[in-house]
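Observations on chain architecture
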Amino acid sequence: MTRFMMLVAGIGLMLAVSVGTAPEEAEAETFFGWSYDVEVSGSRFDGLALNNVTYEGTKIFERISLPTMNVFYQNNACGPYVDRLGGSSYTGPFGEEFTQNGVRWRSIGITDQIGNYVITMIYYLGENGEFDAHMFSRGLQCNIWHEHLPFWRMDIDLAGQDNDQVLRATGGGSQVESREFSLAATAAQNHGWEVRDSVTGDRLTIAFDDGTFSLPGTVIPETQYAQNMVYGRQYRSNETTWQGGATRNTLFGANNETITDLVLWYSGYMPHAPEEGPDLWHSTGIRMQVELAGDGDGDGGGGGGGQATIGDRVTNASGAGVSGVTIDLFAEANGGRGAWLGDARTNANGTYSFNTAAGCYVLVFIAPSGQTWQGGSQYLQRSVCVNAGETDNSVDVVLGGGGGSGGGGGGDASIGDRVTDSGGSGVAGVVVDLFAANGDGSRGRWVGDAATDGGGRYGFDVDAGCYVLVFIAPQGRTFTTGGQYNQQFACVAAGATDNSVDAVLSGGGGGGGTVTIGDRVTRSGGGGVPGVTIDLFNADGSGTRGTWLGDTTTNASGNYQFQPPAGCYVVVFIAPSGQTFVGGSRWNQQFVCVNSAGGTNNSVDAVLT
Amino acid sequence: MDRTSRLWGRRALVGSLVMAAVISLGVLVASATQPAPLEVASAVPASGTGNEHDHDHDHASILDHDGRFSGPGDVWPPEPRDATGVQPLDFSDEEAPTDAVLVAPDQPDEVLVDDAGPLAIAETSDWVLAELGDDYNLISASDNELLGDGKDDSGPVGAKLVFFSIARNQTVEVAVSGGAVISVDVAAASVQQPPLSEKEKYTAVEIARAHWAAVGDERLPLLDGYAILDIEADGSYHESRVAYVSFHPDPEARPELLTWIDLTTNSVLDAEVDR
C-alpha cells in the first residue's frame, strides 16, 4: 500500500509534494502470483518504484525504479536534460487490469510533466509471470533532433540476494558475468540476457523492447539496438538513485568488483526528430519472464511407474529446424502448470526429448529473444499425457517467421471473410495466420495474424500480392477439410478486396450449433452482483486454458451467459477490484464441457465474499 | 560557440531587463506548468482486424501503433490494444493525507503546517538553517522512508526533505526521525540539483513571460510556458539554479519562444524566437 499526500510548505507557497511508503505499515498489493509494494518517493525522484516484488512466493526484485531519463540534443543545440520523475508534478498512481491475447495483466503507472515533455512510466504484471517495465514519452522541448535515454535500475534479489548470476548468451551457450560490467545489449547473442539463481535454478529472462513484443516477424535493426546498454553492478547503498548530471552511461562505474548482490541497470533508447512532431509518443521497455524452478520431485504429474518419452521438433515457418530453443517441462496439476521438472534445448536439427515418468505434463516452449511463435506469443504451452513405455513424438511447434521488411500489412488491398460452423454460424476467436506466399505458392514470411470476431469475421489490410492464410481450429475441433489447420492461397491486386477466403469448422448446424453456458454471480449472502467480468477460453479435454474467446459482464441480477459452439471451455470470473471470491482469490476458474449443439449448462456460478 | 557558452556570455546583458518582473510569494502554483488532464483510458477491442507487420523500423523506438498499445492520437497514456475485461484499479484509499502535515487545498494563502511535523522541525533546526540560509525553496518531502543505508528494514524510519538553498547555492537534504533532525547532507549546485519545484517553475515562467512582454511579442497571451531544469552542455549542473522556459501555443505544439532563466538572481540569461 502506498500513501500520497499534499503538503503545504512553510515558506509561503503551496507545494504539491509526494510522500512515500510507510514501511512499517506496508500492506503488499497482490495479483495472481505477484506481490509488491508501490512507492513514489518524494526524495529519490526515481519515478514509480515497486518494492519487495515476489512471484509465487519467490523474491524477484528488492526494488525496480527509473532514476532518470537523460535527454541529449544534436550538437548540444538544446539541453541536455536530466528528467527525474516523481517530483512535485506527477499524476498517479493509476492502473487497471485487463486481458490481452488471453493473458490477464495488471498495470500500475504514473505520468509526470517535465517542461513540455509528458512522460508516463508503467509496470505491467502478467498472470503468467511476465513483468514489463515500460516508458512512454511525448512533447517537444526544442525543435531539434534528440534522443531520450531512460535508465531503469533493478535491484534483483532472485530467491534472495545471494547466488544471482547474470548469463549472457553466446554462440555456444551462456557466459556468466560474475564481475561488474557495462555492455551493449547486443553483447548477448539474440539479445539473450538472463539472471539465474545458481542454487535454486530460478530464472529471470530479460528481453528488451523492439516495439513489437507480442508480434513476430520484426527485429529491431542492430544499429539501433546497440544503443541499449546493460550494466551489472554490485549493490551499494549510496547508488540507489541518480546523483549527477546527464550522462550517456550510468553514473556508477564498473569497478571490476565481484557481484554478490546484483543490481542491473538498463538504459533504453528513444530518438525523436522534430519533423515527427510533439504529439507522437515514443516507447521502450524491458520485458522479463519469471521461470521458477520446481521442487524436482515430479509430483502432481506423475502416475504409474515406468518411463516414457516426450519430444518432437521446433521449426521455423519454412520447416527448418531451430536449434537452441529452451523447453521447460512441468508436471500437470489441476489442468495447468504444476511443479517445474526440468528443461531441454533443441539440437542442431531442432529436435528435443524428455525421458520422464508416465503421466501428464505441460511443456512451455520459449521463443528465442526477439522472436515469437505462430500466434504471436513468446511462450507456447502444450499439454501431453504419456503412458509407461510410450513415446509421444508429436509435440512440435513452429516459430512465427523470419521478419524483415516489405510486403504484408498496411497496404491498399484486403483479404478476409468468415469462419463458420457447418450450420453457417460464425465462430469467434479462430486465429488466422497470414504469410507472404513464395513464388511456388508455399508459405513464406509470416506477416501477421487475426482472430475472428463475434460473427466469425476476420480481415487483413495488405499490400497487393499473393498470400497464404492458415486457419487454426480451436482445440478439439477440426475443419470440414480435415485436420486442425486449413491453408489457403489468395492473391489480391492493388485496391482490390478478396472477401472469399472462408473456412468451415466441423460440427454445429441445427440450432446454430451453439450451446449455452451461464449462471449467476452472487454474494455469500445470496444477492446477485452486477458488473462482474467473466472471460471465456477454449479448453482441451483436460481443462487446460486455451485461446481467449471473449468476455461478458453480469447484468443487474448477477446473471451472465455465453453462447459458444459446442465444446469444452474454461470460464474465469474476475472479482471487482478489492473483492474476492469465497476461498480468498480474485479469480475463479471453472472448466465446463457442453458437447451437444443446443445444450445448456446453467450451473457455472461464483460466489463473492 | 555552443548554446551554453553563448548563453552565459549574454547573461549580464539580458538579465537586467526583467529583474522587476518577479513573483510575489504566497501564490498558488500556476497551471501553466501543470500536466494536461489525463484522458480516461478506454480499451476498444478490435477483434477481426489483422495485425500488420511491415512497419518501418528505422525509428524503432516509435512504438508500432498496430502493436501492443493504442497509437498516436488515441488515449494518453497509451492503452494495451485489444484489451478486454478492463477494470480500473482504485487508489483512492491510498491518497489520504497523514497527520504529518495539514492541507488546505481551498486556502492556498494560509500556511497550515503541523507544528510538530518534519518541516517545522527542520525549519527550526539550527543545523538545517545553517545550510539553508534565509532564502531557500522546499523542493519535495517524503514521509515514512527508510533512512538507513542498507537494504534491510533495521534502520530508522522518518521523513526526508529536499531543499535548494538560494542563499547558499546548494542542495540540502534533511532527514527527520523521532521528532529530531538526524542528518543534513549538502551538495554544491554544480554537483547536484533536484528537479524544479512547482514554485520555481512558476517563477521561471513568469520571469520569461515578463521578458517577452517587454519585448512586445504579440503572441505571448496565446502561449503557455513550460519550465525544466537546465544544465550545462557537457551534462554537468550549472553553478547556479537555471531553468529553460519554452512557450507553446498548446501542449502538443512546437515551442515558439525560448528563454533561459537564472533562478538565483531571477534574471533572464538568454532569449530566442525559435525559427
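Residues numbered from 1 in each chain as written. Chains lettered and ligands numbered in written order. Predicted model: local features only at pLDDT ≥ 70, side-chain atom pairs only at ≥ 80, totals over all residues. Heavy atoms only, no water.

Details of the overall build of chain B
To be explicit about the condition: Starting at the N terminus, helices and strands are each numbered in turn, a helix being any DSSP run of H or I of at least four residues and a strand any DSSP run of E of at least two. Any residue under 20% of the maximum accessible area for its type is buried, any over 50% is exposed, and the rest in between are partly exposed; the area is computed with a 1.4 Å probe on protein chains only. Residue contacts follow a heavy-atom distance rule, with two residues in contact if any of their heavy atoms lie within 4.5 Å.
Helices and strands together make up the secondary structure of chain B, namely five helices and nine strands. Each helix (α) and strand (β) of chain B, taken in turn from the N terminus, gives the series α-α-β-α-α-β-β-β-β-α-β-β-β-β. When the 275 residues of chain B are sorted by exposure, 53% land in the buried category. If you take every contact in chain B between residues at least 6 apart in sequence, the share linking residues at least 24 apart comes to 54%.

Concerning the state of the cysteines
Residues and elements named next belong to chain A. Quick note on the threshold: When two cysteine sulfur atoms lie within 2.5 Å, the pair is treated as a disulfide.
By the definition in use, this model includes three disulfides over all chains. Here Cys78 is linked by a disulfide to Cys142, with a sulfur-sulfur distance of 1.8 Å. Here Cys78, found in the loop between strand S6 (58–73) and strand S7 (81–83), pairs with Cys142, found in the loop between strand S11 (130–138) and strand S12 (146–156); they are 64 residues apart in sequence, far enough to count as distant. Here Cys142 falls in the buried class, since its relative accessible area comes to 3%.

Some remarks on the confidence of the model for chain B
Residue and element names in this part refer to chain B. For clarity, the cut-off: Per residue, pLDDT captures the predictor's confidence, and it can take any value from 0 to 100.
Per-residue confidence for chain B averages 71 on the pLDDT scale, and 64% of its residues sit at or above 70. Within chain B, the lowest mean pLDDT, 30, falls on helix H2 (residues 11–15), and the highest, 96, falls on helix H4 (residues 126–132). Note on residues 1–66: pLDDT is under 50 here. Beyond four places in sequence and across chains, it has 195 contacts. Confidence drops under pLDDT 50 across residues 95–113; counting only partners more than four residues distant or on other chains, this segment forms 39 contacts. Both scores are available for the predicted complex, with the pTM at 0.59 and the ipTM at 0.75.

Description of the confidence of the model for chain A
Confidence along chain A averages 78 in pLDDT terms, with 84% of residues attaining 70 or more. Across residues 211–222 of chain A, confidence stays below pLDDT 50; counting only partners more than four residues off in sequence or on other chains, it has 52 contacts.

Let's talk about helix H5 (residues 198–215) of chain B
All names here are of chain B. Rule in force here: Helix span is expected to be 1.5 Å times the residue number reduced by one.
With 18 residues, H5 extends 26 Å between its outermost C-alpha atoms, agreeing within 8% with the 26 Å of an ideal straight helix rising 1.5 Å per residue. By the criterion of burial, H5 is predominantly enclosed, with 13 of the 18 residues buried. Phi for Gly216, located one or two positions after H5, is positive at around 90°.

Re the nonpolar core
Definition in use: Buried Ala, Val, Leu, Ile, Met, Phe, Trp, Tyr and Cys residues that are joined via side-chain atoms within 4.5 Å together make up what is termed a nonpolar core.
Of all hydrophobic cores here, the largest spans 70 residues; its most connected members are Phe61, Phe131 and Leu264 of chain A. No other element matches the seven residues that S6 of chain A contributes to this core. With near-sequence residues (within four places) excluded, Leu264 of chain A lies in contact with Trp152, Arg153, Met154, Ile156, Val166, Phe181, Val195, Ile206, Val230, Tyr231 and Gly232 of chain A. Ranked by size, the runner-up nonpolar core spans 33 residues in total, among them Phe151 and Ala246 of chain A together with Leu229 and Val268 of chain B.

Here we look at the sheet that holds strand S8 (residues 91–100) of chain A
Put simply, the test is: Here a strand pair is declared whenever DSSP counts at least two bridges between the two strands. Axis geometry follows a simple rule: fit a line to the C-alpha atoms, using only the stretch in contact for helices, then measure angles between N-to-C directions, giving values from 0 to 180 degrees.
As summarised here, the arrangement of the ten strands in space is S14(A)-S13(A)-S16(A)-S17(A)-S21(A)-S11(A)-S10(A)-S9(A)-S8(A)-S1(B), forming an open sheet in which the pairing is antiparallel. Only two strands of the sheet have a single neighbouring strand rather than two, namely strand S14 (174–177) of chain A together with strand S1 (84–88) of chain B. Across this sheet, the average inter-strand angle for adjacent strands is 20°, counted without regard to direction. The pairing of strand S13 (residues 164–169) of chain A with strand S16 (residues 193–197) of chain A spans five bridges and is classified as antiparallel. By the bridge assignment, Leu167 of chain A is partnered in S16 of chain A with Glu194 of chain A.

Considerations on the pairing of strand S26 (residues 359–366) of chain A
Residues and elements named next belong to chain A. Counting buried positions over the eight residues of S26 gives seven, a clear majority of the element. Judged from the six bridges that link them, strand S23 (residues 326–333) and S26 form a sheet pairing that is antiparallel. Bridge pairing links Phe330 to Val362 in S26.

Quick notes on the sheet that holds strand S7 (residues 242–248) of chain B
Pairing between the strands of a sheet is mediated by backbone hydrogen bonds and can be parallel or antiparallel. Residues and elements named next belong to chain B. Reading across the sheet, the four strands line up as S6-S7-S8-S9 and stay open at both edges, with antiparallel pairing between neighbours. The open sheet has two edge strands with one neighbour each: strand S6 (224–229) and strand S9 (267–273). Neighbour-to-neighbour, the strand axes of this sheet turn through a mean angle of 20°, independent of strand direction. Looking at chain direction, S6 and S7 are connected through six bridges and run antiparallel. Each bridged residue has a counterpart across the sheet, and for Tyr226 the counterpart in S7 is Ser246.

Details of unusual backbone geometry
Residue and element names in this part refer to chain A. Between Gly79 and the following residue, Pro80, the backbone shows a cis peptide bond with an omega angle of -5°. Position of Pro80 relative to the elements: it lies in the loop between S6 and S7. Positioned with a positive phi, Ala159 is a non-glycine residue whose angle comes to about 55°. Secondary-structure assignment places Ala159 in the loop between S12 and S13. With a phi close to 70°, Asn163 is a non-glycine residue in the positive phi region. Mapped onto the elements of the fold, Asn163 is located in the loop between S12 and S13. Of the residues examined, Asn163 reaches a relative accessible area of 39% and is grouped as partly exposed.

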